[in-house]
Amino acid sequence: MRRLKRSRKPTTKSDPHARFAPNHLNRQFSAEEPNTKWVTDTKAVETAEGWLYLTVILDLFSRLVVGWAMAATEDSQLAELALRMAVARRHPEADLLHHSDRGSEFTSARYLALLAELGIQVSMSRTANCWDNAAMESFFATLTKECTDRVRFQTRQQARSAIFEYLECFYNPTRLHSTLQYSSPLAFEQTHESKMSYSTQFPDTHSCVQQDPQDAPIARGGSLHCCITRFSTCPTG
């Protein structure tokens, strides 16, 4: 049987004239409080139509996906959409540390200006050093294994729908992590909030009937049980 030829995966594009921030994170991938350390990166997802680019922002306190965006092109606007979602959901204080690699979408003048406007401290990986952003590398490896490698997507919209369902209906509210004492990211944060006795500011991520924040038409299963069934065969970790 003839195998389908896969496209060459895009690599990180770095602007040699961009301003690079020091690596303030320094591989310290744990956080004592929410909204103190965010990490971000962009992944290319293959479809028969072409590549779909996904930018994700994780809170290192709970590994919660706090922001994401998807588009057919990889640029600073994609990264900005994910950042604006994260800020709207979380309302971080000014001492937040934002870590990324040196991809052009994160080093653009527009994106750095937005970070400065929000009072967010910038940290970047060293050149060609994926270990400096290992938490994001691990997250994307998990998403690839549990979601995007399970099907050959025919359209970008099909991929977008599957990724949205994975992030919002399974990963955040349901998937267990050994680093979180085998809690899901959302449950871990809610437990912390209960202990600290302060008001929650989470979006409603426990239902699959929520609206896609980026207003894409989504074909959902209609219940959280449907989402869990699709992904629950994967090991925790």
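No experiment lies behind these values; they were computed from the predicted model shown.

When the terminal C-alpha atoms of helix α1 (residues 76-90) are compared, their 21 Å separation across 15 residues agrees well with the 21 Å that a helix rising 1.5 Å per residue should span. When we look at burial in α1, the residues that qualify are S76, L78, A79, E80, A82, L83, M85, A86, V87, R89 and R90. Backbone geometry just downstream of α1 places H91 in the positive-phi region, at approximately 50 degrees.

Attention shifts here to the pattern of salt bridges. Oppositely charged side chains can form a pair if their charged atoms are brought close together. Enumeration over the complete set of coordinates arrives at 9 salt bridges. With a closest N to O distance of 4.0 Å, E49 and R156 form a salt bridge. Residue E49 is located in the loop between β1 (37-47) and β2 (50-59), and its partner R156 is located in helix α5 (residues 156-171); the two are separated by 107 residues in the primary sequence. For E49, a relative accessible area of 47% puts it in the partly exposed group. Measuring nitrogen to oxygen at the nearest pair gives 2.8 Å for the salt bridge that ties R84 to E80. Here R84 pairs with E80, and both are found in helix α1, just 4 residues apart, close to one helical turn. Using a relative accessible area of 45% as the deciding quantity, one classes R84 as partly exposed. Residues joined in a network through salt bridges with shared partners are D59, R90 and E189.

Our next topic: the nonpolar core. Residues V56, W68, F139 and I163 are the most contacted members of the largest nonpolar core, which totals 33 residues. If one sorts the elements of this core by residue count, α5 sits on top with 8 residues. In this view, V56 contacts V39, T40, D41, V65, G67, W68, M136, F139 and F140; residues no more than four positions away in its chain are not counted. W51, A69, A79 and Y111 belong to the second largest nonpolar core, which has 25 residues in total.

Moving on, we get to the environment of P173. Residue placement: P173 occurs in the loop between α5 and α6 (185-196). Along the backbone, P173 and S184 are 11 residues apart, and their C-alpha atoms lie at a distance of 5.8 Å.

In this structure, F20 sits in the segment before β1. Here F20 falls in the partly exposed class, since its relative accessible area comes to 32%. Note: C-alpha distance between F20 and S108 (88 residues apart in sequence) is 9.9 Å.

Moving on to unusual backbone geometry. With a phi close to 60 degrees, N35 is a non-glycine residue in the positive phi region. By the secondary structure assignment, N35 is in the segment before β1. Phi is positive for R63, close to 65 degrees, though the residue is something other than glycine.

Locating A116 in the fold gives a position in helix α3 (residues 109-117). Taking the C-alpha atoms as reference points, A116 and A94, 22 residues apart in sequence, are found 9.8 Å from one another.

When pLDDT is averaged across the protein, the result is 83; 75% of the residues are at 70 or more. Confidence drops under a pLDDT of 50 for residues 1-5, and excluding neighbours within four residues, the segment shows 1 contact in the predicted structure. Scored below 50 in pLDDT, residues 233-237 shows 13 contacts in the model against residues more than four places distant or in partner chains.

The next subject is the packing of α1 against α3. Geometry of a packed helix pair, given as the angle between the helix axes and the separation of the axes. Between α1 and α3, the least distance of the axes is 9 Å, while the angle of their chain directions is 20 degrees. Between α1 and α3, the crossing angle belongs to the class labelled roughly parallel. Crossing geometry of α1 relative to α3 is assigned as right-handed. Only R110, Y111, L114 and L115 of α3 make contact with α1, whose side of the interface consists of S76, Q77, A79, E80, L83 and R84.

What counts, and at which threshold
All chains use their own residue numbering, which begins from 1 and follows the written sequence. Given that this is a predicted model, residues contribute local features only at a pLDDT of at least 70 and side-chain atom pairs are listed and counted only at 80 or more, while totals for whole chains, interfaces and linings are drawn from all residues. To obtain the side-chain values, all non-hydrogen atoms of the structure were used and water was disregarded. Here a helix means four or more residues in a row that DSSP labels H or I, a strand means two or more in a row labelled E, and each is numbered from the N terminus. Under the convention used throughout, the expected extent of a helix is 1.5 Å for every residue step, that is, one less than its residue count. Burial status follows relative accessibility: with a 1.4 Å probe on protein chains alone, a residue under 20% of its type maximum counts as buried, one over 50% as exposed, and anything between as partly exposed. The salt bridge definition used is simple: a Lys or Arg side-chain nitrogen within 4 Å of an Asp or Glu carboxyl oxygen. Among buried residues, the Ala, Val, Leu, Ile, Met, Phe, Trp, Tyr and Cys ones that are joined through side-chain atoms within 4.5 Å form a nonpolar core. By definition in these notes, contact holds between two residues if any of their heavy atoms fall within 4.5 Å. Per-residue confidence from the predictor is reported as pLDDT, which spans 0 to 100. The angle between two axes is taken between their N-to-C directions and runs from 0 to 180 degrees, where each axis is a line fitted to C-alpha atoms and a helix contributes only its stretch in contact. What sets the label is the angle itself: under 35 degrees gives roughly parallel, over 145 gives roughly antiparallel, 65 to 115 gives roughly perpendicular, and the rest give oblique. Two helices that cross are described as forming a left-handed crossing if the nearer one is turned anticlockwise from the farther one by less than a right angle, and a right-handed crossing if clockwise.

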